[in-house]
Amino acid sequence: MQNSTTGGNSASKSKAGTSQPSDTTSFKRKRGVFQKDLQHMMYGFGDDPNPLPETVALLEDIAVEYVTDLVNKAQDVASKRGKLLTEDFLYLIRKDRPKFNRCTELLSMNEELKQARKAFEVDEEKLATND
């Protein structure tokens, strides 16, 4: 039989805190933020146009947990350098080729869009100075 001393309680509390999902820790997340987006994605992948709310909530929990874990791992990787970079995420997903390829594709498209916006702004400035 264990006495309820402060040391015994704090150890069991810290164990329980680490095994609980992230929404029971100090950070409380707002539930249902991605509900509409997930419903549309589910429909796009062949689900019913109006899926069950429980299914959407479960999918949201899984997605948020995955992203949270990925960010925490990326922070651990970046802790040596002191700065979180995009390359830290690419490093973590490097073995999942479809995800890695899609991320690199999106990053390159983002760079192209930045350059196009920059060129458009320069053109506008030239037109404004000519008037």
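Position numbers for residues start from 1 in each chain and track the written sequence from start to end. For this predicted model, a pLDDT threshold of at least 70 governs which residues receive local features, and a threshold of 80 or more governs which side-chain atom pairs are given and counted, while totals over whole chains, interfaces and linings are taken from all residues. In computing side-chain properties, one takes all heavy atoms of the structure into account and sets aside hydrogens as well as water.

J.: Provide a residue-level description of the side chain of Asp88, including the pertinent values.
T.: Along the chain, Asp88 falls in helix α4 (residues 86-92). In this structure Asp88 comes out as buried when scored by relative accessible area, which is 3%. Residues in contact with Asp88, not counting those within four places in the same chain, are Ala74, Val77, Ala78, Arg81 and Lys83. Strands here are runs of E lasting at least two residues and helices are runs of H or I lasting at least four, both read from the DSSP assignment and numbered beginning at the N terminus. Throughout this description, buried means an accessible area under 20% of the type-specific maximum (1.4 Å probe, protein chains only), exposed means over 50%, and partly exposed covers the range between. Working rule for contacts: check all heavy atoms of both residues, and any pair within 4.5 Å makes them a contact.

J.: Please set out the environment of Tyr43 residue by residue, giving values where relevant.
T.: Mapped onto the fold, Tyr43 is located in helix α2 (residues 35-44). Tyr43 sits in the partly exposed class, given a relative accessible area of 49%. Aside from chain neighbours lying at most four places away, what touches Tyr43 is Asp48 and Pro49.

J.: Requested: an account of the layout of surface pockets, with residues and values cited.
T.: Cavity means a closed set of points on a 1 Å grid over the protein atoms alone, one where a 1.4 Å probe fits but cannot get out, pocket means an open set with protein on both sides within 12 Å along at least 5 of 7 lines, and lining means a residue has an atom within 4 Å of a point. Grid points are joined across faces, edges and corners, and a volume is the space filled by probe spheres set on the points. Estimates place the volume of the largest pocket at around 290 Å³. Contributing elements (two or more residues each) for the lining of the largest pocket: α2 and α3 (53-78). Classification convention: Asp, Glu, Lys, Arg as charged; Ala, Val, Leu, Ile, Met, Phe, Trp, Tyr, Cys, Pro as nonpolar; all other residues, Gly among them, as polar. Its residues placed into classes, the lining of the largest pocket shows seven nonpolar, no polar and no charged.

J.: Any chance you could break down the pattern of salt bridges for me, citing the residues and the numbers?
T.: Put simply, a salt bridge is a Lys or Arg side-chain nitrogen that is within 4 Å of an Asp or Glu carboxyl oxygen. Tallying each qualifying case throughout the model produces five salt bridges. Across the pair Asp96 and Lys99 runs a salt bridge whose closest N-O atoms are separated by 3.1 Å. Classification of Asp96 by relative accessible area gives partly exposed; the value is 28%.

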